[in-house]
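In case you want the letters, here they are:
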Amino acid sequence: MINDEIRAKEVRLVGAAGEQIGIKPLREALQMAIDLNLDLVNVAPTAKPPVCRIMDYGKFRYEQQKKEKEARKNQKIVDIKEVWFRSNIEEHDFQTKLRNVIKFLKDGDKVKCSVRFRGREIAHADIGKKILDRVKDEVAEISSIERLPKLEGRSMIMILAPKN
C-alpha cells in the first residue's frame, strides 16, 4: 500500500536514505514524503505500528521487476527425457539408446529409462532388470539413481539424475 491507501493512525517511519525517523502520525509522514517529492510505502503492514518507508515507488517497482527477470533468466528448467528399451533388445540398439541417455544427462536433464514388456515377456521381468542395471552401470560416473528399477504394470521404470 502506498500514500493515501495506508489506513493506520501512526507509522514507524524510515527515511529515504534508510535512517530511522521514529513513530509519527500518518498525516505528518505523508507530508514529509510529499515535501521530498517521494512516496510513502507500507513495507511491513503486520507490524505494530506498521513500518512505512519514504521512497520512489516507481523506481522500486522497476528494480523489483529487473531482479525477478534476472532470477528467471538464471533458472535452469530440468526436463525428464524418456528412453524406452525392450526386453529382447539387440546390442547395437542398446548402444544407440545408451548414447541418447548419456547425451540427455550431459545436457542436465533427468532420464526415465523404461523397459516395456509385451505379451508373455512380463514373465521374464528379470531380463528387464538386467538391462536397466546395465544402463545404470554404464552411466554410473555421470549420473545418480533417483529411483531404482521398479515394475509398474507392464513396464519397469528407473529414473537417473545428472551429477552436479
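An account of the accompanying structure is given in this report. (Residues numbered from 1 in each chain as written. Predicted model: local features only at pLDDT ≥ 70, side-chain atom pairs only at ≥ 80, totals over all residues. Heavy atoms only, no water.)

Note on soluble globular proteins: their nonpolar side chains tend to be buried together. If you look at the biggest cluster of nonpolar residues, it comprises 19 residues, and the most contacted ones within it are F85, V101, V111, C113, V115, V135 and L160. With five residues, helix α3 (residues 91-106) is the single largest residue contributor to this core. Those residues within four positions of V115 in sequence are excluded, and the remaining contacts are F85, R86, S87, G128, I131, L132, R154, S155 and M156. Formed by ten residues, the second largest nonpolar core is a distinct cluster that contains V11, A33, C52 and I54. (Core = buried A, V, L, I, M, F, W, Y, C linked by side-chain atoms within 4.5 Å. Buried < 20%, exposed > 50% of the residue type's maximum accessible area, 1.4 Å probe, protein only. Helix = DSSP H or I, 4+ residues; strand = E, 2+ residues; numbered from the N terminus. Contact = heavy atoms within 4.5 Å.)

Take the sheet that holds strand β3 (residues 39-44) next. In spatial order, the strands read β2-β1-β4-β3; together these four strands make up an open sheet with mixed pairing. Every other strand in the sheet has two partners, leaving β2 (20-25) and β3 as the edge strands with one partner each. Sheet twist, expressed as the mean angle between neighbouring strand axes with direction ignored, is 35 degrees. Pairing of strand β1 (residues 10-14) with strand β4 (residues 51-55) involves three bridges; the strand directions are parallel. In the strand pairing of β4, L13 is matched with C52. Helix α1 (residues 26-35) contacts β1, β2, β3 and β4 of the sheet and is inclined by roughly 125 degrees relative to β2. (Pairing = 2+ DSSP bridges. Axes fitted to C-alpha atoms, helices over the stretch in contact; angles between N-to-C directions.)

Turning our eyes to something else, we now look at α1. Buried within α1 are the following residues: L26, A29, L30 and A33. For α1, the buried positions fall inside an angular range of 100 degrees around the axis, keeping them on one side. Away from its buried face by more than 90 degrees, α1 exposes R27 and D35. Its buried side turned inward, α1 meets β1, β2, β3 and β4. Downstream of α1 by a residue or two, N37 has a phi angle that is positive, lying close to 60 degrees. (Arc of directions from axis to C-beta.)

Our focus in this paragraph is the packing of α3 against helix α4 (residues 125-138). Relative orientation of the contacting elements α3 and α4 amounts to 50 degrees, with a least axis distance of 11 Å. Compared by their axis directions, α3 and α4 come out oblique. Every pair of crossing elements has a handedness; the one defined by α3 and α4 is right-handed. Residues E91, F94, Q95 and L98 of α3 form the contact with α4, whose participating residues are I131, R134, V135 and E138. Partitioning the contact of α3 with α4 into residue classes produces four nonpolar, one polar and three charged. (Parallel < 35°, antiparallel > 145°, perpendicular 65-115°, else oblique. Left-handed = near helix turned anticlockwise from the far one by under 90°. Nonpolar A, V, L, I, M, F, W, Y, C, P; charged D, E, K, R; others polar.)

With that settled, the discussion passes to the pairing of strand β5 (residues 80-86). Strand direction decides the pairing type here: β5 and strand β6 (residues 110-116), joined by seven bridges, are parallel. Residue E82 lies in a different strand from β6, and its bridge partner there is K112.

What follows concerns the pattern of salt bridges. Per the counting criterion, the structure on display carries eight salt bridges. Taking the shortest distance from any N to any O, the salt bridge between E28 and K24 comes out at 3.5 Å. K24 gets classed as partly exposed once you look at its relative accessible area, which sits at 22%. Ionic pairing is found between E91 and R134, a salt bridge with its closest N-O pair at 2.8 Å. Of this pair, E91 sits in helix α3 while R134 sits in helix α4; the two residues are 43 residues apart in sequence, bridging distant segments of the chain. Take E91: its relative accessible area is 42%, and that puts it in the partly exposed class. The exposure class of R134 is partly exposed, given its relative accessible area of 32%. Salt bridges sharing partners connect three or more residues here, namely K129, D133 and K136. (Salt bridge = Lys/Arg side-chain N within 4 Å of Asp/Glu carboxyl O.)

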